[in-house]
Structures are given as structure tokens and as C-alpha cells.
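The chain contents come next:
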Amino acid sequence: MRTHLCSSSYALLFNTLPLLTAPLSRLAMARNHSSKDSQPKVDKMQQLVHSDPSGGWEHCWEKGLTPWDLGQPTPILVDLHQRGALPKGRALVPGCGSGHDVVAIACPERFVVGLDISENAIKQATKLFSSSKSAEYFAFLEADFFTWRPTHLFDLIFDYTFFCAIEPEVRAQWASRIRDLLKPDGELITLIFPISDHEGGPPYKVSVFDYEEVLHPLGIRAESIVENHFAIPPRRGREKLGRWKRSICKSLL
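Scoring rules and cut-offs
Residue positions are counted from 1 within each chain, in the order its sequence is given. Thresholds applied to this predicted model are a pLDDT of at least 70 for local features of residues and 80 or more for the giving and counting of side-chain atom pairs; totals over whole chains, interfaces and linings are not thresholded and use all residues. The side-chain numbers reported here are obtained from all heavy atoms of the structure, hydrogens and water having been left aside. Put simply, DSSP marks the helices as runs of H or I at least four residues long and the strands as runs of E at least two long, and each gets a number from the N terminus on. Residue burial is assigned from relative accessible area. The probe radius is 1.4 Å, only protein chains are included, and a residue is buried under 20% of its type maximum, exposed over 50%, and partly exposed in between. Only rings of Phe, Tyr and Trp enter the pairing, Trp through its six-membered ring, and a pair is recorded when the two centres are within 6.5 Å. The plane angle decides the type: under 30 degrees is stacked, over 60 is edge-to-face, the rest tilted.

Caption draft 1: Summary view of the environment of Ile-232. Position of Ile-232 relative to the elements: it lies in the loop between β6 (220-227) and β7 (240-246). Look at Ile-232 and you get buried, because its relative accessible area is 5%. As a C-alpha pair, Ile-232 and Pro-75 span 157 residues in sequence and 8.0 Å in three-dimensional space.

Caption draft 2: The environment of Leu-70, seen in detail. Positionally, Leu-70 belongs in the loop between α4 (56-63) and α5 (75-82). For Leu-70, a relative accessible area of 6% gives the class buried. Sequence separation of Leu-70 and Asp-101 is 31 residues, and the distance between their C-alpha atoms is 9.8 Å.

Caption draft 3: How the structure looks around the packing of aromatic side chains. Applying the stated criterion across every chain yields a total of 11 aromatic pairs. Considering the side-chain rings of Tyr-160 and Phe-193, the 6.1 Å spacing of their centres and the 70° angle between planes classify their relative orientation as edge-to-face. With a gap of 33 residues between them, Tyr-160 in strand β4 (residues 154-160) and Phe-193 in the loop between β5 (182-192) and α9 (208-215) connect regions that are remote in the sequence. Like Phe-193, Tyr-160 is buried. Their ring planes at 90° and their centres at 5.9 Å tell us that Trp-174 and Tyr-211 sit as a pair that is edge-to-face. Within this pair, whereas Trp-174 is found in helix α8 (residues 171-181), its partner Tyr-211 is found in helix α9, the two being separated by 37 residues in sequence. Taken individually, Trp-174 and Tyr-211 each receive the classification buried, so the pair is uniform in this respect. What links up through ring pairs into an aromatic cluster is the set Phe-163, Trp-174, Tyr-211 and Trp-244.

In C-alpha cells:
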């Protein structure tokens, strides 16, 4: 059964853009307004996903019910890229949606693959960024993360609003795929979100322990877990930045 957050709504967790440019003096007003506007979309999104597990996410993109989408690159990811703090080589963004994060970190030193199960999401990402100056350094693919078999492993995997979107019982399978897709000594970067006490989803509540529980047995351990001080206002205090390294062992790819 799906229930709402005890102290704040899913809409407040997911809603983003109205608060990115709102002056501080109007913050409370914008927060209340955006919450009211977003809640029906979140409710409909959850209904679609639960009513059609195989095609629900596709229907969400068809209907524009994507309250998790920032409509811009994730701020902390942009900061890490600009500071040269991301691994070079090949990167993967599962559940890439409209592709902003993919394009934000694509560069001559890093080729980025954006993966999404939704055909409409990939179409939107392609439409937005096919003419980008960095187009030769990224690719968008429509595929299921859990069954996709690439020809190369990755130096970096970035996960944000993907782990929390899958059913909790599937998290161990998610971890196995992460292990199998990372190069030896590769890095997984996660934004651990939403850290809360709500029931139901998506988004399903997460904690640092939830990640450790499925990653540690596979030899993937956190090198650092810190507060995300670049989080957008509705998500501040509800997400942490985790940087995980894969132990050197044989991949199952």
C-alpha cells in the first residue's frame, strides 16, 4: 500500500525547479506552491508505475509525469566535474532520463553512456542534445539496466534517483549489476536520496545502510559519505554523496 510522507510530501521531495531561482524572501511561498502543484503529478506517477510494472515508466514520460527530473544537470556532479574530481575513461548513468547529467560530464577525457528503459526519455535526451558541441563524447541508449550487456566496462557509474526508484527487493540485483559493469578499481558515485522515514514509493526511502547491505558483500565499499551541500532546497538534509570503490576482482561481464 502506498502512503505519504509523515512530515512532508513526495512532491516536496521531488519538486525542484521553482526553488532554484526563487529569492530567499519568497522561499516559503514557492515551496508551498510547488508542493501543491507537484503532488497530483507524483500521485499519478506512482499509480502508473504500480499499475503497469513493465511499462509504467514509459507512460510517465509519455504524459510528462517526471517530477524527479531536475531539468538541468545535478549541481554536485557539475562541481565534481569542474574540479577534475571525477574518474576519466568511460562513464555510465543508468536511468539517465532527459540526459542532462550525461552531457554535463561528457568530455574528451570521458565518454558517457546514458541508459534508460524509456524510449520517450531517450528520444527527449536525443532531441535536446544531438547538436551539442560534445555530442561525440556521449551516447544515449534505450535498454534495461538489469539485462543490458555492454561490450566495455566502466570507470565510473553515477546513480541518482535510480536506486530509490526500484523496488527494495531488487536492490541486491542492482548491486550485482553495478559490480559487473565496473572496471577493477572503478568508482560508483551515488546520491543517497531520499533519506526519510516514509513508506511506499517510488521514491522508496533509502539509507546509507541500504547501500552498504547490498554493496559490501560484493566488494564495493564507500571511500567517503558526506552531506550533499549542493542539494537543491527541497532535498537538503535528505541526501548524501557516496563515493564507492570496487575491489579488484574478476568481472562477470
